[in-house]
Amino acid sequence: MKRPDYISWDDYFMGMALLAAKRSKDPSTQVGACIVSGEECVGQRPNTILSLGYNGFPIGCKDDHFPWDREGNFLDTKYPFVVHAELNAILNAQGKSLVGAKLYVALFPCNECCKAIIQSGINEVIYLSDKYAQTDVVKASKKMFEAAGVKLTRLETQTSKIVLDFNVEMI
Ligand SMILES: [Zn+2]
């Protein structure tokens, strides 16, 4: 008989997004994104991870030389430099077609990532939290997603926690 408590595809991919977020050096917000092939993706089996990303600076922009601050002069903050998780995941796909793909991300995407998501051909965004729903950034994002016909799904996870234990002797 098969093990009953295996994780669902949705929890698996959201878990990958959360794991990618652990790579972020941002002291205040760690976000990860996982792009997965959908049923209509040409040349890809469904449920294949196409790309992962997390919020960070572009290649060559060293974390020790660029600021992670949120306040101060614009050039002394992270904002002009940081690449959000969703955009990084799209760019990390390195030319792979994302048409018909799904994007898993913990936080509802901002308007800038929204534009990149739409233009890449991703047609579904699956998220956990929409805590900035009242901000203009998220309102703009939803307006564009709706106009472009991108499906928005708030994930109801089947498990509240996934624990990774590197102590494999315990398996
Ligand atoms: Zn963004």
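The coordinates are above.
The rules behind each value
- Residues numbered from 1 in each chain as written.
- Predicted model: local features only at pLDDT ≥ 70, side-chain atom pairs only at ≥ 80, totals over all residues.
- Heavy atoms only, no water.
- Pairing = 2+ DSSP bridges.
- Helix = DSSP H or I, 4+ residues; strand = E, 2+ residues; numbered from the N terminus.
- Axes fitted to C-alpha atoms, helices over the stretch in contact; angles between N-to-C directions.
- Contact = heavy atoms within 4.5 Å.
- Salt bridge = Lys/Arg side-chain N within 4 Å of Asp/Glu carboxyl O.
- Buried < 20%, exposed > 50% of the residue type's maximum accessible area, 1.4 Å probe, protein only.
- Parallel < 35°, antiparallel > 145°, perpendicular 65-115°, else oblique.
- Left-handed = near helix turned anticlockwise from the far one by under 90°.
- Donors = N, O, S within 2.8 Å, 3.2 Å for Na, K, Ca; no water.
- Polar contact = N/O pair within 3.5 Å; in protein donor to acceptor, adjacent residues only side chain to side chain.

Student: Could you clarify how one ought to interpret the sheet that holds strand β5 (residues 151–154) in this entry?
Tutor: Strands pair in a sheet through their backbones, by hydrogen bonds, and they do so in one of two ways: parallel or antiparallel. One open sheet holds the five strands; their spatial order is β2-β1-β3-β4-β5, and the pairing between them is mixed. Each edge of the sheet is formed by a strand with only one pairing partner; in this case those strands are β2 (49–54) and β5. On average, each strand axis in the sheet is tilted by 20 degrees relative to the strand beside it, whichever way the strands run. Both strand β1 (residues 32–36) and strand β3 (residues 102–107) contribute to a ladder of four bridges, which runs antiparallel. Across the sheet, Cys 34 pairs through a bridge with Tyr 104, a residue of β3. Packing against the sheet, helix α2 (residues 85–92) makes contact with β1, β2 and β3, and its axis sits at approximately 135 degrees to β2.

Student: Looking at this structure, I do not really get the pattern of salt bridges. What am I missing?
Tutor: Close approach of charged atoms lets side chains of opposite charge pair. Within this structure, the stated rule accounts for six salt bridges. Between Glu 112 and Lys 115 there is a salt bridge, and its shortest N-O distance comes to 3.1 Å. Taken as a pair, Glu 112 and Lys 115 lie in helix α3 (residues 111–120) at a separation of three residues, close to a single helical turn. By relative accessible area, which is 36% here, Lys 115 ends up partly exposed.

Student: Where do I start with the packing of α3 against helix α4 (residues 136–148) in this structure?
Tutor: Any two packed helices are characterised by how steeply their axes cross, that is the angle between the axes, and by the distance between the axes. Between α3 and α4, whose axes approach to 8 Å, the crossing angle comes to 15 degrees. On the basis of their axis angle, the class for α3 and α4 is roughly parallel. Both α3 and α4 take part in a crossing whose hand is right-handed. Note on element contacts: α4 touches α3 through Val 137, Ala 140, Ser 141, Met 144, Phe 145 and Ala 148, opposite Asn 111, Cys 114, Lys 115, Ile 117 and Ile 118.

Student: Explain the coordination of the zinc ion here, please?
Tutor: Tetrahedral coordination by four donors places them ideally at 109.5 degrees to one another around the metal; octahedral coordination by six donors ideally gives 90 or 180 degrees. Taken together, His 84 (ND1), Cys 110 (SG) and Cys 113 (SG) make up the full set of protein donors to the zinc ion, lying 2.0 to 2.3 Å away. Positions of the donor residues of the zinc ion along the chain correspond to the pattern H-x25-C-x2-C. Note on accessibility: Cys 110 and Cys 113 belong to one class, buried.

Student: How do you make sense of the environment of Arg 154 when you look at a structure like this?
Tutor: Secondary-structure assignment places Arg 154 in strand β5. For Arg 154, a relative accessible area of 45% translates into the label partly exposed. Spatially, the C-alpha atom of Arg 154 lies 34 Å from that of Gly 72, the residues being 82 residues apart in sequence. Polar contacts involving the side chain of Arg 154 include one to the main-chain carbonyl oxygen of Leu 128, which spans 3.4 Å.

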